[in-house]
Amino acid sequence: MKHFLNYIFVLSIILYSCGGSDNTESISSIQTEEVKVKIPEFNADSAFHYVKMQVDFGPRVPNTKSHTECSEFLYSKLKSFSDTVIIQKFKTRAFDGTVLNGKNIIASFNPETNNRIFLSAHWDSRPFADHDPDEKNHRTPIDGANDGASGVGVLLEIARQLHLSRPTIGVDIILFDTEDYGEPQDSQTQGNEDTWGLGSQYWSKNPHKTNYFAKYGILLDMVGASDARFLMEGWSLYYAPEIVKKVWNIAHKIGYIDYFLFEEGGYITDDHYYVNKIKKIPTIDIIHLDTTSPNGTFFPYWHTVKDNIKIIDKWTLKVVGQTVLTVVLEEK
Ligand code: AHN
Ligand code: ZN
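Residues numbered from 1 in each chain as written. Chains lettered and ligands numbered in written order. Predicted model: local features only at pLDDT ≥ 70, side-chain atom pairs only at ≥ 80, totals over all residues. Heavy atoms only, no water.

Description of the overall build of the protein chain
Working step 1: When you go through the protein chain residue by residue, the secondary structure sums to nine helices and eight strands.
Working step 2: Excluding contacts between residues fewer than 6 apart, the proportion of contacts in the protein chain whose partners are at least 24 apart in sequence is 78%.
Working step 3: Summed over its atoms, the accessible surface of the protein chain is roughly 15400 Å², and 55% of this surface lies on carbon and sulfur atoms. (Helix = DSSP H or I, 4+ residues; strand = E, 2+ residues; numbered from the N terminus. Contact = heavy atoms within 4.5 Å. Areas by Shrake-Rupley, 256 points an atom, 1.4 Å probe, with all protein chains shown as cover.)

As structure tokens, then:
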């Protein structure tokens with residue numbers, strides 16, 4: 001009897017410990033599958049190169065040769081990385097009556113799924129340095145290395161990364177045109193805010209696909225200057241507070257607490273405003289805001305002839321690129 005009881009005792013310990021270890025193992029393997037997504041390194045040298053390539057075409061002002069040539073470069077780069085690329089051609093009227101020939105460029109990964117998000121930036125550059133300290137430059141086109149090219153450079157590098165590490169969700173990269181042809185500060189007729197973001201206004205009313213849907217969108221604007229600070233922009237918090245929180249939390253998790261501040265910035269009429277208002281997709285703007293700068297709102301060289309390749313800091317491109325790449329690859 002004693003032997004028999006001992007036998008039961010030993011057997012139950014064996015059974016218990018087997019069951020126990022089995023359970024722990026299966027729970028931990030489920031957890032590793034769910035939380036661990038390997039995030040590749042965003043390459044800032046590559047992003048910088050893409051910024052420089054755009055700037056080297058000259059100012060990408062609508063209706064110019066540089067603008068056409070750059071559109072061809074963007075198309076062929078995106079074509080080599082993504083599943084489909086659509087060029088949406090349109091005509092739009094600028095504040096002064098000029099008819100602008102615009103091209104929104106849309107590259108898609110996994111175009112068949114509705115579980116998708118979009119990333120965007122504007123690819124045109126401003127025809128007027130109307131905030132330059134030297135008045136003689138107020139009608140000179142700008143290189144727009146930061147204002148325009150930086151966001152596009154980051155998105156091209158993200159597209160290259162998504163070609164190597166396929167996302168599980170659908171991703172659209174939307175490069176808006178004719179964002180920066182807004183009425184100059186010193187023009188006679190002043191005051192119409194809707195002269196900005198003409199390409200995003202057009203796309204929001206005429207998306208590249210009928211019934212286009214995305215869960216949310218992220219706009220990048222002026223993401224390349226050194227010491228950039230990304231404050232939580234007003235319309236982003238109004239229309240998409242959860243997305244602001246998600247992106248800022250991810251930036252903090254990977255170490256960029258000095259760049260993404262949980263501090264409210266002002267309301268900026270940028271492309272995301274029209275996507276929110278007209279197309280009704282919750283969209284945030286990651287934009288460098290600085291109330292201490294000479295223009296009172298944006299980075300110091302905003303809409304001046306000094307917005308050139310010399311002010312681009314690879315580390316800022318890295319901070320933004322790594323954050324957005326992590327958002328995309330962690331999205332379910
Ligand atoms: C306004 O100044 C009203 N909007 C600025 C949008 C912008 C211009 N983003 C880049 N350049
Ligand atoms: Zn601008």
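Observations regarding the confidence of the model for the protein chain
Working step 1: When pLDDT is averaged along the protein chain, the result is 92, and 89% of the positions lie at 70 or above.
Working step 2: In this model, residues 5–30 is a region of pLDDT below 50 whose contacts with residues beyond four sequence positions or in other chains number zero contacts. (pLDDT = per-residue confidence, 0-100.)

Quick look at the nonpolar core
Working step 1: Core analysis: the largest hydrophobic core is formed by 60 residues, its most contacted members being L119, F260 and I286.
Working step 2: Ranked by residues supplied to this core, first place goes to helix α4 (residues 145–164) with nine residues.
Working step 3: Those residues within four positions of I286 in sequence are excluded, and the remaining contacts are I218, L219, L220, D221, V223, F230, V247, W248, F260 and V324. (Core = buried A, V, L, I, M, F, W, Y, C linked by side-chain atoms within 4.5 Å. Buried < 20%, exposed > 50% of the residue type's maximum accessible area, 1.4 Å probe, protein only.)

A word on the coordination of the zinc ion (ligand 2)
Working step 1: Within the protein, D147 (OD), D180 (OD), D180 (OD) and H303 (NE2) serve as the donor atoms for the zinc ion (ligand 2), at 1.9 to 2.5 Å.
Working step 2: In primary-sequence terms, the residues that donate to the zinc ion (ligand 2) follow D-x32-D-x122-H. On the criterion of sequence distance, the pair formed by D147 in helix α4 and D180 in the loop between β4 (170–176) and α5 (198–205) is long-range, its members being 33 residues apart.
Working step 3: On the basis of relative accessible area, D147 is assigned to the buried category, the value being 1%.
Working step 4: D180 gets classed as buried once you look at its relative accessible area, which sits at 2%. (Donors = N, O, S within 2.8 Å, 3.2 Å for Na, K, Ca; no water.)

Considering the pattern of salt bridges
Working step 1: Tallied over the full model, the rule gives 14 salt bridges.
Working step 2: K253 is the salt-bridge partner of E330, the closest N and O atoms lying 2.8 Å from each other. With a gap of 77 residues between them, E330 in helix α9 (residues 314–330) and K253 in helix α7 (residues 241–253) connect regions that are remote in the sequence.
Working step 3: Residue K253 is classed as exposed on the basis of its relative accessible area of 55%. (Salt bridge = Lys/Arg side-chain N within 4 Å of Asp/Glu carboxyl O.)

Digging into the site of ligand 1
Working step 1: Within the structure, ligand 1 sits among H122, D147, E179, D180, E193, W196, D221, M222, T269, D270, W302 and H303.
Working step 2: Residue E179 places a side-chain N or O atom 3.4 Å away from a nitrogen atom belonging to ligand 1.
Working step 3: Contact distances for ligand 1 include 3.1 Å between a nitrogen atom and a side-chain N or O atom of D180.
Working step 4: Summarising the interface, the protein chains cover 91% of the accessible area of ligand 1, which totals 320 Å² for the free molecule.
Working step 5: Its residues assigned to classes, the shell around ligand 1 shows three nonpolar, three polar and six charged. (Near = heavy atom within 4 Å. Polar contact = N/O pair within 3.5 Å; in protein donor to acceptor, adjacent residues only side chain to side chain. Nonpolar A, V, L, I, M, F, W, Y, C, P; charged D, E, K, R; others polar.)

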